[in-house]
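Take a look at the letters that make up each chain.
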Amino acid sequence: MVETNGKKIFDTVGADAVFTTCEYLKRYITGFLTEGGFVLTDKDGTTLYTDARYTEAAEKLLKGTEVRVREMDRFSNTPAELLKKYKTVGIAFEETFYPEYKKLSDMGLTLVDSSPAFRRCMAIKNEWELKNIARACDIAEEGFLKLLPEIKEGMTESEVAALLEYNMRTLGAYSTSFDTIVAFGAHAAVPHHVTGDTKLRFGDEILIDFGCKVDGYCSDITRTFLFGDDGKHADFKKAYAAVLAAHELVKENLKAGMTGGDGDAIARNYLESKGYGKYFTHSLGHGIGLNIHEFPFVRKGGQDVLENGMVFSDEPGVYLAGEYGIRIEDTITLKGGSVVSFMHKTDRNLVIL
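Conventions and cut-offs
Residues numbered from 1 in each chain as written. Predicted model: local features only at pLDDT ≥ 70, side-chain atom pairs only at ≥ 80, totals over all residues. Heavy atoms only, no water. Helix = DSSP H or I, 4+ residues; strand = E, 2+ residues; numbered from the N terminus. Rg over C-alpha atoms; globule rule 2.2 N^0.38 Å. Buried < 20%, exposed > 50% of the residue type's maximum accessible area, 1.4 Å probe, protein only. Areas by Shrake-Rupley, 256 points an atom, 1.4 Å probe, with all protein chains shown as cover. Lys, Arg positive; Asp, Glu negative; His and termini not counted. Charge placed at Lys NZ, Arg CZ, Asp CG, Glu CD. 1 Å grid on protein atoms, 1.4 Å probe; cavity = no way out; pocket = protein on both sides within 12 Å on 5 of 7 lines; lining within 4 Å. Points joined across faces, edges and corners; volume = space filled by probe spheres on them. Nonpolar A, V, L, I, M, F, W, Y, C, P; charged D, E, K, R; others polar. Core = buried A, V, L, I, M, F, W, Y, C linked by side-chain atoms within 4.5 Å. Contact = heavy atoms within 4.5 Å. Salt bridge = Lys/Arg side-chain N within 4 Å of Asp/Glu carboxyl O.

1. Regarding the overall build of the protein
Here is step 1: Scanning the protein from terminus to terminus reveals ten helices and 19 strands.
Here is step 2: Computed over its C-alpha atoms, the radius of gyration of the protein comes to 23 Å, within 12% of the 20 Å expected for a compact globule of 353 residues.
Here is step 3: Counting only C-alpha atoms and orienting by the principal axes, one finds that the protein spans roughly 75 × 40 × 35 Å.
Here is step 4: Taken across its 353 residues, the protein has 55% of its residues classed as buried.
Here is step 5: About 15,600 Å² of surface is accessible on the protein, with carbon and sulfur atoms providing 52% of the total.
Here is step 6: Distance from the positive charge centre (42 side chains) to the negative charge centre (53 side chains) of the protein: 3 Å.

Dropping the structure here:
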């Protein structure tokens, strides 16, 4: 059964009601994805207001939960009559355009920012959310393992990405977490390379950054490997060993109660000690949930406190422009104060196809 979060958000915001129109925030409260409409939560519970396109599916999915479903006219999305009985109403300032804010303000409502409450509550995943993330990670890894024997010389980056995405969908994912990154050779030195029509050659390194969604929740994983060994990868292999060691040190030493900056420093300090510090050009990690990048942020100097139940990435990297790039990434969580990885099917040691 879907676990809903309306009461948790309402209690945290502290207003007379919480009015939510942002799609992913509505999904967080209700567990149901809908375009348009809104969610209203007060002391009496949570109601999803949607139109006839979604009513049947919403009622079926949310039966037995705290969420009531009410059908509304798709073309008269006006909550004024519902809101006028409240004095204080929570809205997510970060996700609200000014015209909507002004309309609500002109009604005489005292508006309270619900964004901090969402950020705080969404950071700590419940068991249903963790289960979805775990399944999304399983599918991503299974799709990758199925991909490896399908990779052939002469394939383009886009063809490899398409195969991987097909594999993940056939295994049960309903979409990707983000645009899949496949980078051959020196393209891997660009952390967010745009997958293109470059063809694979013997001896190329391959970096693939990918993920998929299950019930809205994302996975995120990166694997770097070689397509054959032409004997020209001594420096690459040395750097790979350093990145892998940094990745594993984070798993061993990061603990609940540390800040994001503390976690980032575990990997960054090690890579600096090996001479690669200036080539680690991004943060160690980011929160993962309904969004592929969300709170907390595990970055240099970051003050976000890492707690049990948070889900985020462990992705140190080394990038030498025009030469090679390496990133090893798992989706991880904190449980019992220590790191638990969701990835347990794919090899983090250097693979040579």
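2. A short note on the layout of surface pockets
Here is step 1: In this structure, the largest pocket occupies an estimated 300 Å³ of space.
Here is step 2: In terms of lining residues, the largest pocket is bounded by 16 residues, among which His192, Asp209, His286, His293 and Glu315 are the most central.
Here is step 3: Along the lines of polarity and charge, the residues of the lining of the largest pocket split into four nonpolar, six polar and six charged.

3. As for the nonpolar core
Here is step 1: Membership of the largest hydrophobic core comes to 60 residues, with the highest contact counts inside it found for Ile151 and Ile208.
Here is step 2: Among the elements that take part in this core, helix 7 (residues 127-147) stands out by supplying nine residues, more than any other.
Here is step 3: Discounting chain neighbours no more than four positions away, the residues touching isoleucine 151 are Val160, Leu200, Ile206, Phe225, Phe227 and Leu353.
Here is step 4: In terms of nonpolar packing, the next biggest core, distinct from the first, is built from 30 residues, Tyr276, Leu306, Val318 and Leu334 among them.

4. Here we look at the pattern of salt bridges
Here is step 1: Within this structure, the stated rule accounts for 20 salt bridges.
Here is step 2: Glutamate 35 serves as the salt-bridge partner of arginine 53, at 2.9 Å between the closest nitrogen and oxygen. Here arginine 53 is found in the loop between strand 3 (45-50) and helix 3 (55-62), whereas its partner glutamate 35 is found in the loop between helix 2 (23-30) and strand 2 (38-42), with 18 residues between them in sequence.
Here is step 3: Residue glutamate 35 is classed as partly exposed on the basis of its relative accessible area of 41%.
Here is step 4: Connected through salt bridges with shared partners, the residues Arg223, Glu248, Lys251, Asp330 and Arg348 form a single ionic network.

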